[in-house]
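Reading the structure
Here is how the chains run, residue by residue.
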Amino acid sequence: MHVLHNMVNTVRPGGTVLDLQVIRPNPRVEVAERLICEVDGSPLFRRADAATDAIDALIAAGRLLEEAVDDHDVRTHYPSGADLVDDFEDKQRRLPEEAIPALRTIEPPCVLRERCRLRRITVRCAADAWC
Amino acid sequence: MSRVIDPEAAHLAALRRLGDFRGQRVVELGCGDGRLTLGIAADTAGVVAFDPDAEAVERARSSLPIELAQRVAYQVASGKEIEVEPGSFDLALFSWSL
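What you see is a predicted model, and the numbers here were worked out from it, not measured in a lab.

1. Quick notes on the overall build of chain B
Counting its secondary structure elements, chain B contains 3 helices and 5 strands. Its helices and strands in sequence order give chain B the pattern β-α-β-α-β-α-β-β, from N to C terminus. Computed over the C-alpha atoms, the radius of gyration of chain B is 13 Å, within 12% of the 13 Å expected from 2.2 N^0.38 for a compact globule of 98 residues. Summarising its shape, the C-alpha atoms of chain B cover approximately 40 × 30 × 30 Å along the three principal directions. Here chain B holds 98 residues, and 37% of them are scored as buried. For chain B, contacts bridging at least 24 residues in sequence account for 58% of all contacts bridging at least 6.

In structure tokens form, the structure reads like this:
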């Protein structure tokens, strides 16, 4: 992956890469912490999986060293269900079609909860050096 | 936009758990409107933050506090387009950007 190599090259040997990605399970739409529906996260998971694979390949090659992983939930807050539906109109991820009419009627604040992973990785050596 | 992303600052808390930004020269890819950039910048020696979305970068620039103006540089570019000296940063932050 050209982007990864380009970016890793900007970091000095011994420096740090922090990679933030969305991970499974599917994002959840919640009202007052009660599940309303799940969002198909596969478009984002495909990209995240490719990025993870690219980093893992550099780890396997000895160029990078994974040192720590932090999984955490992140919430995006919407004033209402209709605001959430409107925000998804131009997104790759799709709300379930059958849930949209009911979501539009939800008046209290809604939350989109996503699982994310942060990895701390050390750059072991420069691109043109033996590790 | 009426949404509020991560008001609990869960991302920033995770970054602080795993990263030590003190005195670090940081390059950030996928900075968007600078939400995470602003959270880490004060600790760093400087942040160069990229995003291909010109409108998001403009929002980031317009909301940059004056006390961080000498420490943060926002630029419009994708990861493929970035050209910087190899090894010139201590820490790279990729925000959903690889």
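Okay, back to it.
2. Here's the deal with the confidence of the model for chain A
The share of residues in chain A with pLDDT of 70 or more is 95%, and the mean pLDDT across the chain is 93. Confidence scores differ between elements of chain A, with helix 1 (residues 2-8) of chain A showing the lowest mean pLDDT of 84 and strand 3 (residues 64-78) of chain A the highest of 98.

3. Looking at the interface of chain A and chain B
Tallying the contact residues gives 36 residues for chain A and 32 residues for chain B. Of all the elements in the fold, those that place two or more residues in the side of chain A that touches chain B are helix 1, strand 1 (11-31), helix 2 (42-60), strand 3, helix 3 (81-87) and strand 4 (110-123) of chain A. Broken down by element, the residue count for the side of chain A that touches chain B peaks at 10 residues, all from strand 1 of chain A. Among the residues forming the side of chain A that touches chain B, the class breakdown is 18 nonpolar, 10 polar and 8 charged. With 6 bridges connecting them, strand 1 of chain A and strand 5 (residues 89-95) of chain B associate as parallel partners. What sits directly across from Thr16(A), in strand 5 of chain B, is Leu91(B).

4. Regarding helix 2 of chain A
Residues and elements named next belong to chain A. Over its 19 residues, helix 2 runs 26 Å from end to end, which matches the ideal 27 Å to within 8%, given 1.5 Å per residue. Each element contacted by the buried residues of helix 2 is listed here: helix 1, strand 1, strand 3 and strand 4. In the segment just after helix 2, glycine 62 is the residue with positive phi, at about 90°.

5. Some remarks on the pairing of strand 3 (residues 46-51) of chain B
Residue and element names in this part refer to chain B. Across the 6 residues of strand 3, 5 count as buried, placing the element largely inside the fold. When strand 2 (residues 25-29) meets strand 3, the two strands line up parallel, connected through 5 bridges. Paired with leucine 29 across the bridge in strand 3 is phenylalanine 50. One crossover worth recording links strand 2 to the parallel strand 3 by way of helix 2 (residues 35-41), and it is right-handed. Two strands pair when backbone bridges link them, and strand 3 and strand 4 (residues 72-76) are joined in this way by 5 bridges, in the parallel orientation. Within strand 4, the residue paired with valine 47 across the bridge is valine 72. In this region the chain leaves strand 3, passes through helix 3 (residues 54-62) and returns to the parallel neighbour strand 4; the handedness of that crossover is right-handed.

Calculation notes
- Throughout this document, residue positions are counted from 1 along each chain, in the order its sequence is written.
- As a convention, the first chain written is A and the first ligand written is 1, with the rest following in written order.
- For a predicted model such as this one, the threshold for reporting local features is a pLDDT of at least 70, and the threshold for listing and counting side-chain atom pairs is 80 or more; totals across whole chains, interfaces and linings nevertheless cover every residue.
- Numbering of helices and strands runs from the N terminus, with a helix taken as a DSSP run of H or I at least four residues long and a strand as a DSSP run of E at least two residues long.
- Two things to know: the radius of gyration comes from C-alpha atoms, and the globule rule equals 2.2 Å times the number of residues to the power 0.38.
- Whether a residue is buried, exposed or partly exposed is read from the other C-beta atoms within 10 Å of its own C-beta, which are placed from the backbone; 20 or more gives buried, 12 or fewer gives exposed, and intermediate counts give partly exposed.
- Here, residues touch in the contact sense if the C-beta positions derived from the backbone fall within 7 Å of one another.
- What pLDDT expresses is the predictor's confidence in each residue, scored from 0 to 100.
- Nonpolar residues are Ala, Val, Leu, Ile, Met, Phe, Trp, Tyr, Cys and Pro. Charged residues are Asp, Glu, Lys and Arg, and all others, Gly as well, are polar.
- A strand pair is defined by DSSP finding two or more bridges across the two strands.
- In this analysis, the expected span of each helix is defined as 1.5 Å times one less than the number of residues it contains.
- By definition, the crossover connecting two strands over a helix is right-handed if that path, from the first strand to the second, turns clockwise as seen with the strands pointing away from the viewer.

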